[in-house]
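Below are the chains, spelled out letter by letter.
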Amino acid sequence: MTIDFKDRVAIVTGAGGGLGREYALELAARGAKVVVNDFGGARDGSGGSATAAEVVVAEIEAKGGTAVANPASVTDFPAVEAMIADTLSRWGRVDILINNAGVLRDKSFAKMTLDDFRFVLDVHLMGSVNCTKAVWDAMRDAGYGRILMTSSSTGLYGNFGQANYGAAKLGLVGLMKTLALEGAKSNIHVNSIFPVAGTRMTEDVMPEEMLRLLAPKNVVPAALYLVSNVAPTSTILGAGAGGFHAAHVTLTHGIMVPEADRTVETVAARIAEITDRAGETVPTNGAEQGGLVMSRLGELKA
Ligand code: NAI
């Protein structure tokens, strides 16, 4: 099976370098028309220039592909709306949105200012919300859409010094889960990726040999699959260095406790049973989780 993107229109945010650039190059090589968005600032989000995106567009065009540069900051909703309006008037559709733009402002929580916390949430979480909001109606009207959120192992599992980043990155998974439900009837599939790659974001935390093994192109197969016509929805894939994985938010079987025993002491005494992972499930929505409890009320009468 060959997966192509012929005549698809894709927007990749933060595509002036790193992972976004690789996604844009491969989408274009497989026939998509690509909006290469990048604000062009430093790793901490300071500065800004249109050049980064323009360089990638020139690379795509040199290989015979079709692309246009856009320097909007994903934090600037009117500029994001203008990017989408421009894309629709230029190419008539938006099939794919890859929310990839990102910054870092790492510090231990004790030393982190609230400004640094808010800024990182604003770029990753609100930036993805802004872009998704701006394409949502067009995708609904077209009855087709593929949206990718960029999460992180930090969001899923934590990492010292990245409280702001981790909060934003798991927030994106929460956003994905509800948008996947709301988009389903319009054939809008929403997924998340948690990459690991040697880019300027990670260059000073990884040794050179590891950076080589973690070439960003290794993430491309998972990212492009998640925005393809055969994409699943509400799936969280990890990719890097040839590894591909899925992450799930699981629910243990837990225990049902009669009213008289619902005490702090019961939870303390039975915590091993509550957290036992044998037979855990992955509910497909929040109501299903509540329903699982209700379906077991009969156990209390026994
Ligand atoms: P990168 O720093 O090379 O790329 C991020 C791009 O986003 C830059 O080109 C930057 O100019 C752009 N950008 C930043 N703020 C922007 C804004 N407000 N509007 C538009 N563009 C903006 O880093 P990398 O590694 O390619 O990161 C891409 C995504 O992958 C990020 O969301 C990052 O958090 C995520 N990620 C990367 C991992 C890695 O191992 N490299 C691990 C987990 C997640």
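Just so you know, these numbers come straight off a predicted model, no measurement behind them.

Visitor: Hey, could you run me through the sheet that holds strand 4 (residues 96-99) in this one?
Guide: Within a sheet, neighbouring strands are paired by backbone hydrogen bonds and run either parallel or antiparallel to one another. Reading across from one edge, 3-2-1-4-5-6-7-8 is the order of the eight strands in this open sheet, with mixed pairing throughout. Each end of this open sheet is capped by a strand with a single partner; those strands are strand 3 (66-70) and strand 8 (243-246). Going across the sheet, the axis of each strand differs from the next one's by a mean of 20°, ignoring polarity. Sheet topology places strand 1 (residues 9-12) next to strand 2 (residues 33-37); four bridges connect them, and they run parallel.

Visitor: What should I look at first to understand the domain arrangement of the protein chain in this one?
Guide: Note on interface size: it is often stated as the accessible area lost on association of the parts. Its domain assignment divides the protein chain into domain 1 (9-246) and domain 2 (259-300). In this structure, domain 1 and domain 2 have C-alpha centres spaced 36 Å apart.

Visitor: Explanation requested: the site of the ligand in the structure shown.
Guide: Near the ligand lie 34 residues; those nearest to it are Gly14, Gly18, Phe39, Gly102 and Thr199. At the level of secondary structure, the elements contributing two or more residues to the shell around the ligand comprise helix 1 (18-29), helix 4 (114-142) and strand 6 (188-195). At three residues, helix 1 tops the list of elements feeding residues into the shell around the ligand. Looking at the shell around the ligand residue by residue, the class counts come to 12 nonpolar, 19 polar and three charged.

Visitor: What am I meant to see in unusual backbone geometry here?
Guide: Keep in mind that most residues, glycine aside, have a negative phi and that most peptide bonds are trans. Of note in the backbone geometry, aspartate 7 takes a positive phi value of approximately 65° without being a glycine. A positive phi angle is found at alanine 241, which is not glycine, with a value near 55°. For alanine 241, a count of 14 C-beta atoms within 10 Å puts it in the partly exposed group.

Visitor: Whenever I open this one, the UniProt feature "domain: Ketoreductase" (unreviewed entry) in the protein chain confuses me. Can you help?
Guide: Under the feature "domain: Ketoreductase" (unreviewed entry), the UniProt entry names residues 8-199. End C-alpha atoms of residues 8-199 are separated by 27 Å, and the span's content is 49% helix alongside 17% strand.

Visitor: Got a minute to help me understand the nonpolar core in this structure?
Guide: Nonpolar side chains in soluble globular proteins generally cluster together in the buried interior. Ranked by size, the top nonpolar core spans 70 residues in total, and within it Ala10, Ala24, Val34, Val36 and Ala223 carry the most contacts. At nine residues, the largest contribution of residues to this core is made by helix 4. Not counting the four nearest positions on each side in its chain, valine 36 is found in contact with Val12, Ala15, Gly16, Ala24, Ala53, Val56, Val57, Ala67, Ala69 and Asn70.

Scoring rules and cut-offs
Residues numbered from 1 in each chain as written. Predicted model: local features only at pLDDT ≥ 70, side-chain atom pairs only at ≥ 80, totals over all residues. Pairing = 2+ DSSP bridges. Helix = DSSP H or I, 4+ residues; strand = E, 2+ residues; numbered from the N terminus. Axes fitted to C-alpha atoms, helices over the stretch in contact; angles between N-to-C directions. Domains from an automatic or database assignment. Near = placed C-beta within 6 Å. Nonpolar A, V, L, I, M, F, W, Y, C, P; charged D, E, K, R; others polar. Buried ≥ 20, exposed ≤ 12 C-beta atoms within 10 Å, placed from the backbone. UniProt positions renumbered as here; feature names shortened; annotations may be inferred. Core = buried A, V, L, I, M, F, W, Y, C linked by C-beta atoms within 7 Å. Contact = placed C-beta atoms within 7 Å.

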